[in-house]
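Residue-level listing of the chains:
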Amino acid sequence: MMMMERTQSSARISRLDRMLIMAVVLLSSIFPVELFSNTTPVPKGHDGQYSGKQGQVLVVKVKSEDQATEVNGTFLKRTIPFFREFRPGEPDGYIGLLGIDMQDEPGTYDLAVEVKQGEQSKQLSFNVLVAKENFTVEHLTLPKDKVDLDEKGAARWKAEQEQVKQALVENSRLKLWRSNFVEPVNGKRTGIFGSVRIMNGKPRNPHNGEDIGAPMGTDVAATNDGIVRITVDHIFSGKGVFVDHGLGFYSMYFHLSEILVNDGDLIKAGQIIGKVGSTGRATGPHLHWGVKLNGARVNPYSLLDLPFKSGVTLPTAATIPIPETTSTP
Ligand SMILES: [Zn+2]
């Protein structure tokens, strides 16, 4: 008796299921707008796949034909604002620069992209494979007082960190940078981005930028257009310049002997903003060049490899995108 009831009820449910499935299939073919619902979850990685190493910058593309009001991505809790860019010979669409932090754990993560079009929004999902970079191990011997701060030094360092944090709270919501990035100093690239630093025998924070060796007084150029957010003279970075390029992209230039810009200055790509020096914690004259992309510490040289040779950024947004499935190195 029990058995029969169960059999009958399961047969009823499966008939109902079949009817529901057919109804959904029919409805979605008649009303394709259903695909643009706020609630439908997208299977992870459904819209494409990207891969890169720790410290790299990935160019994520979302094709579009019409106007969208806003396109934002979320990757490892970091927000990636997308911008519209037109490139000759390529489909119209949005581009997001995804920075893989030098200390993001290798693995596969979801990049969720929300495309807003007025009241409606569409969710896209990409797989991002983060591969391990083989960073070098760097042994440094420095005067003890330059490594281990006394109480006064530690307090100063803390205040300086706070000062930078406050200055960078203000950021341009407009994309200020242009197609081409400039190498700030044409010197000897040391390749120590991300290297594990052992100072006087003790492991320290990894090196969060690239060092370029050049003679004292060599011109230092801004890598792109932007606004000088803050100029500093700090215990570790020495004389430094922080440039805001908009949409969460910052570049930093440390150990300068001279700073040639002021806080709030609008600067152009290639503009000389300072001179190479060895101020702060430095063993000799060099430029420490750092880049932060939406909170990720990336290798600044990965900017020079970006495919932005002839792109023109459009001031307004576009449509419902059909995502592209590509992978960048
Ligand atoms: Zn450095």
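In this text the structure is predicted, and so the values were computed from the model without any measurement. (Residues numbered from 1 in each chain as written. Predicted model: local features only at pLDDT ≥ 70, side-chain atom pairs only at ≥ 80, totals over all residues. Heavy atoms only, no water.)

### Looking at the sheet that holds strand β8 (residues 120-131)
Strand order across the open sheet formed by 5 strands is β1-β8-β7-β3-β4, with mixed pairing between neighbours. Where the open sheet ends on each side, the last strands, each with one partner, are β1 (49-53) and β4 (78-81). Sheet twist, expressed as the average angle between the axes of neighbouring strands with direction ignored, equals 25 degrees. Direction of pairing for strand β7 (residues 107-117) relative to β8: antiparallel, over a ladder of 11 bridges. Residue pairing across strands places Asp110 opposite Asn127, the latter belonging to β8. (Pairing = 2+ DSSP bridges. Helix = DSSP H or I, 4+ residues; strand = E, 2+ residues; numbered from the N terminus. Axes fitted to C-alpha atoms, helices over the stretch in contact; angles between N-to-C directions.)

### What about the coordination of the zinc ion?
In a perfect tetrahedron of four donors around a metal, the angles come out at 109.5 degrees. In a perfect octahedron of six, they are 90 or 180 degrees. The protein atoms that coordinate the zinc ion are His207 (NE2), Asp211 (OD) and His288 (ND1), at distances spanning 2.1 Å. As a motif over one chain, the donors of the zinc ion read H-x3-D-x76-H. Here His288 lies in strand β21 (residues 286-293) and His207 lies in the loop between β12 (202-203) and β13 (210-213), a separation of 81 residues in the sequence. For His207, a relative accessible area of 3% puts it in the buried group. (Donors = N, O, S within 2.8 Å, 3.2 Å for Na, K, Ca; no water. Buried < 20%, exposed > 50% of the residue type's maximum accessible area, 1.4 Å probe, protein only.)

### Description of unusual backbone geometry
Positive phi outside glycine occurs at Leu76, with the angle close to 50 degrees. Its place among the elements puts Leu76 in the loop between β3 (70-75) and β4. The backbone of Asn200 sits at a positive phi, close to 50 degrees, despite the residue not being glycine. Examined against the element boundaries, Asn200 turns out to sit in the loop between β11 (196-199) and β12. Using a relative accessible area of 33% as the deciding quantity, one classes Asn200 as partly exposed.

### Some words on the environment of Phe254
Structurally, Phe254 can be placed in strand β17 (residues 249-256). Sequence separation between Phe254 and Trp289 is 35 residues; the distance between their C-alpha atoms is 6.7 Å. Residue contacts for Phe254: discarding those within four places in its chain leaves Ser237, Lys239, Gly240, Phe242, His286, Leu287 and His288. (Contact = heavy atoms within 4.5 Å.)

### Looking at the packing of aromatic side chains
If you walk through the whole model with that rule in mind, you get 9 aromatic pairs. Between Phe75 and Tyr109, the ring centres sit 6.0 Å apart and the planes meet at 85 degrees, which makes this aromatic pair edge-to-face. Taken together, the positions of Phe75 in strand β3 and Tyr109 in strand β7 put the pair 34 residues apart, joining distant regions of the chain. Judged by relative accessible area, which is 1%, Phe75 ranks as buried. Residue Tyr109 is classed as partly exposed on the basis of its relative accessible area, which comes to 21%. With centroids separated by 5.3 Å and ring planes inclined at 75 degrees, the aromatic side chains of Trp289 and Tyr301 adopt a geometry described as edge-to-face. Of this pair, Trp289 sits in strand β21 while Tyr301 sits in helix α4 (residues 301-304); the two residues are 12 residues apart in sequence, bridging distant segments of the chain. Side by side, Trp289 and Tyr301 carry an identical accessibility label, which is buried. Among the aromatic residues, ring-to-ring pairing joins Phe83, Trp177, Phe181 and Phe249 into one connected group. If you follow Arg189 out to its NZ or CZ, it ends over the ring of Tyr301, 3.7 Å from the centre. Positioned above the aromatic ring of Phe236, the side-chain terminus of Arg281 is 4.2 Å from the ring centre. (Phe/Tyr/Trp six-rings, centres within 6.5 Å; stacked < 30°, edge-to-face > 60°. Lys NZ or Arg CZ within 6 Å of the ring centre and 35° of its normal.)

### Let's talk about the sheet that holds β11
Reading across the sheet, the 3 strands line up as β9-β11-β12 and stay open at both edges, with mixed pairing between neighbours. Here the strands that pair on one side only, and so sit at the sheet edges, are β9 (137-140) and β12. Across 4 bridges, β9 lies against β11 in parallel orientation. Within β11, the residue paired with Val137 across the bridge is Val196.

### Quick look at the nonpolar core
Grouped together as the largest cluster of nonpolar side chains are 32 residues, with contacts concentrated most on Leu97, Val220, Val241, Tyr253, Ile273, Leu287 and Trp289. Looking at this core, the elements with two or more residues in it are β2 (57-63), β6 (93-99), β16 (238-246), β17, β21, β22 (296-298) and α4. Counting residues per element, this core draws most heavily on β21, at 4 residues. Judged by nonpolar contacts, the second largest core, of 19 residues, contains Tyr50, Val60, Phe82 and Leu98. (Core = buried A, V, L, I, M, F, W, Y, C linked by side-chain atoms within 4.5 Å.)

### A short note on helix α3 (residues 151-169)
Look at α3: 27 Å from first C-alpha to last across 19 residues, which is about the 27 Å you get at 1.5 Å a residue. Of all the residues in α3, the buried ones are Gly153, Glu160, Val164, Ala167 and Leu168. Mapping the buried residues of α3 onto a view down its axis gives an arc of 90 degrees, with all of them on the same face. Opposite its buried face, α3 presents the exposed residues Glu151, Lys158, Lys165 and Val169, each directed more than 90 degrees away. In this fold, the buried residues of α3 make contact with β15 (226-234), β16 and β17. (Expected span 1.5 Å × (residues − 1). Arc of directions from axis to C-beta.)

Function cannot be read off these values alone, since they describe shape.
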